[in-house]
Amino acid sequence: MDSDGREEAAPLVVVADCSSSDARQPKNHAIDTHILSFAFLFIFSAYGAAQNLQSTVNTEQGLGTISMGILYLSFTFFSVFASVVVRWMGSKKALVLGTTGYLLFIASNLKPSWYTMVPASLYLGFTASIIWVGQGTYLTSAARSHAKDWNLHEGTVIGGFNGEFWGFFASTQVIGNLISLLLLQDGNEGGGSTGTGLLFTVFLGCMLLGAILMCFLSKRDEKEEDFPSHASIATLLKSITAPLLEMRVLLIIPLLAYSGLQQAFVWAEFTKKIVEPALGVSGIGGAMAVYGAADAISSLLAGWYTSSLFSVTVIVSFGSVLQIAALLWLVFGYSLSNGALGSVLPLLIGAIWGVGDGVFNTQINALLGMLFKRDTSFM
């Protein structure tokens, strides 16, 4: 108040307006997608290559093979409860927890024995189920928040975020195989400072980088996504099982089943029956690197062109036609050839199959994000 008794205009109004303007500045949620993609790139470049080597480097009484069997049995069992854990912890904490199992598994390979590998595999099955549910939940939540804050088409953003993530993830097959090829090219399989000892030490370093990146993820405002903060276990279980009774889910299940089967085919039958006879054991890494490169490129492209259920249908149909054509070729037209042609054909088939796999990965996850908007933990 001045000397005449009049109130002075308060400059705080201007300050308040400035802070309000800052508060309205939309957040770039794509940064979280970049961080998540790079974290998975480091983690699964190491894990994917380590998984491929289990039956080769841990041969004593089938330790490597049995450990992988225990891992996936554990993963199957704990997947039933993974959504409950993610809802209770929140997606960011679930992602950080998920990395611990991969770290322990790689560390156990430095001193492989029944007392290290089996417990590590059992624990990894649990954390793997957590990290994958957390990934789907976090990525979809980030995409929806980004679309809302920037007034963008939600389906397009979900497709783009999934395309980037799965493109990075597919690249792990290239990077991991090349690291293995480089460090084991002389046939070194011993421990210590050379061979597999050095390889798993490098892999452990990759895992640590991925785990550190996970800690830089923003915490999602999960209440906006209808995550019950104090719900009972019975309520959470009901919310998980209820979608399984929906017709939309029943129609998607065949797609999910086929996606898993076609990946099993390329990792087992394709490498054994097509690649090895033509290129030898040493050529498997190169063939799978080509497969991974095609997978990564198709994931990015499919994500860019995803915008609606119609676009998902068209893109999935394209990938299906490619893989059906490749299967028909293998059954009725393919034969082992000599010379350059015999070496090129397995690489070409791997590239075609990689395109189909990239399509299924991006489009199925984008489809789930579009159809189940009020239950992101179902992804």
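Being a predicted model, the structure only gives us computed values, none of them experimental.

### A closer look at a nonpolar patch on the surface
Line of reasoning, step 1. A cluster of nonpolar side chains, Met247, Leu250, Leu251, Ile253 and Leu256, forms an exposed patch at the surface whose accessible area comes to about 490 Å².
Line of reasoning, step 2. Topologically, leucine 256 is positioned in helix α9 (residues 247-279).
Line of reasoning, step 3. Overall, leucine 256 belongs to the partly exposed group, its relative accessible area being 41%.

### Comments concerning the packing of helix α6 (residues 154-183) against helix α7 (residues 196-214)
Line of reasoning, step 1. Interaxial distance between α6 and α7 falls to 9 Å at its minimum, and their mutual angle equals 150 degrees. Regarding the angle of α6 to α7, the classification is roughly antiparallel. With respect to the hand of their crossing, α6 and α7 are arranged in right-handed fashion. In contact with Ile179, Ser180 and Leu183 of α6, α7 contributes Leu198, Leu199, Val202 and Phe203.
Line of reasoning, step 2. When grouped by side-chain class, the residues that make up the contact of α6 with α7 number six nonpolar, one polar and no charged.

### With respect to the packing of aromatic side chains
Line of reasoning, step 1. Counted by the stated rule, this structure contains 24 aromatic pairs.
Line of reasoning, step 2. Plain terms: the ring middles of tryptophan 329 and tyrosine 334 are 6.5 Å apart, the flat faces sit at 80 degrees to each other, and that makes the pair edge-to-face.
Line of reasoning, step 3. For tryptophan 329, a relative accessible area of 26% gives the class partly exposed.
Line of reasoning, step 4. Through a chain of ring-to-ring contacts, the aromatic side chains of Phe40, Phe44, Tyr47, Tyr102, Phe105, Trp132, Phe165, Trp166 and Phe169 assemble into a single cluster.
Line of reasoning, step 5. Taking NZ or CZ as reference, arginine 220 lies 5.3 Å from the ring centre of tyrosine 138, over its face.

### Some thoughts on the pattern of salt bridges
Line of reasoning, step 1. Tallying each qualifying case throughout the model produces two salt bridges.
Line of reasoning, step 2. For arginine 220, the salt bridge goes to aspartate 32, with nearest N and O atoms at 2.9 Å. Highlighted residues: arginine 220 in the loop between α7 and α8 (233-241) and aspartate 32 in helix α2 (residues 30-57), separated in sequence by 188 residues.
Line of reasoning, step 3. In this structure arginine 220 comes out as buried when scored by relative accessible area, which is 6%.
Line of reasoning, step 4. Residue aspartate 32 is classed as buried on the basis of its relative accessible area, which comes to 2%.
Line of reasoning, step 5. Between arginine 144 and glutamate 154 there is a salt bridge whose closest N-O contact spans 3.8 Å. In this pair, arginine 144 is assigned in helix α5 (residues 114-149) and glutamate 154 in helix α6, connecting sequence segments ten residues apart.
Line of reasoning, step 6. Assessed through its relative accessible area of 7%, arginine 144 is described here as buried.
Line of reasoning, step 7. Taking the relative accessible area as the measure of exposure, glutamate 154 reaches 24% and is therefore partly exposed.

### Section: unusual backbone geometry
The general pattern is negative phi for most residues beyond glycine and trans for most peptide bonds.
Line of reasoning, step 1. Despite not being glycine, glutamine 61 shows a phi value in the positive range, around 55 degrees.
Line of reasoning, step 2. Assignment of secondary structure puts glutamine 61 in the loop between α2 and α3 (63-89).
Line of reasoning, step 3. Glutamine 61 sits in the exposed class, given a relative accessible area of 63%.

### Focus: the environment of threonine 116
Line of reasoning, step 1. Looking at where threonine 116 falls in the secondary structure, it is placed in helix α5.
Line of reasoning, step 2. For the pair formed by threonine 116 and phenylalanine 105, sequence separation is eleven residues and the distance between their alpha carbons is 8.5 Å.
Line of reasoning, step 3. Once residues lying within four places of it in the same chain are set aside, the contact partners of threonine 116 are Ser108 and Lys111.
Line of reasoning, step 4. Within polar-contact distance, the side chain of threonine 116 engages the backbone nitrogen of serine 113 at 3.0 Å.

The rules behind the values
Starting from 1, residues in each chain are numbered consecutively following that chain's sequence as written. Owing to the predicted nature of the model, reporting of local features is limited to residues with pLDDT of at least 70; listing and counting of side-chain atom pairs is limited to 80 or more, with chain, interface and lining totals taken over all residues. The side-chain quantities take in all heavy atoms of the structure and omit both hydrogens and water. To count toward a patch, a residue needs a relative accessible area above 30% and no salt bridge. Like charges then connect within 9 Å, nonpolar side chains (Val, Leu, Ile, Met, Phe, Trp, Tyr) within 5 Å. A 1.4 Å probe and the Shrake-Rupley method give the accessible areas. Residues count as covered only by the protein chains that appear here. We count a salt bridge whenever a side-chain nitrogen from Lys or Arg sits within 4 Å of a carboxyl oxygen from Asp or Glu. For the purposes of this entry, the term helix denotes a DSSP run of H or I that reaches at least four residues, the term strand denotes a run of E that reaches at least two, and both are numbered from the N terminus. Relative accessibility decides the category of a residue: with a 1.4 Å probe and only protein chains considered, values under 20% of the type maximum give buried, values over 50% give exposed, and everything between is partly exposed. To obtain each axis, a line is fitted to C-alpha atoms, and for helices this fit is confined to the stretch in contact; angles are then taken between N-to-C directions over 0 to 180 degrees. Should an angle lie under 35 degrees it is considered roughly parallel, over 145 roughly antiparallel, and from 65 to 115 roughly perpendicular; all remaining angles are considered oblique. Helix crossings get a hand from a simple test, with the near helix turned counterclockwise from the far one by less than a right angle marking a left-handed crossing and a clockwise turn marking a right-handed one. In this description, contact between two residues means that some pair of their heavy atoms is separated by no more than 4.5 Å. Amino acid classes used here: Ala, Val, Leu, Ile, Met, Phe, Trp, Tyr, Cys and Pro are nonpolar; Asp, Glu, Lys and Arg are charged; the rest, including Gly, are polar. The pairing test for Phe, Tyr and Trp rings, Trp by its six-membered ring, is centres within 6.5 Å, and the orientation test on the planes gives stacked under 30 degrees, edge-to-face over 60, and tilted for anything in between. By definition here, charges over rings are those cases where NZ of Lys or CZ of Arg is within 6 Å of the ring centre and within 35 degrees of the ring normal. The definition of a polar contact used here is a pair of N or O atoms within 3.5 Å, where within protein one atom must be able to donate a hydrogen and the other to accept one, and adjacent residues in sequence count solely through side-chain atom pairs.

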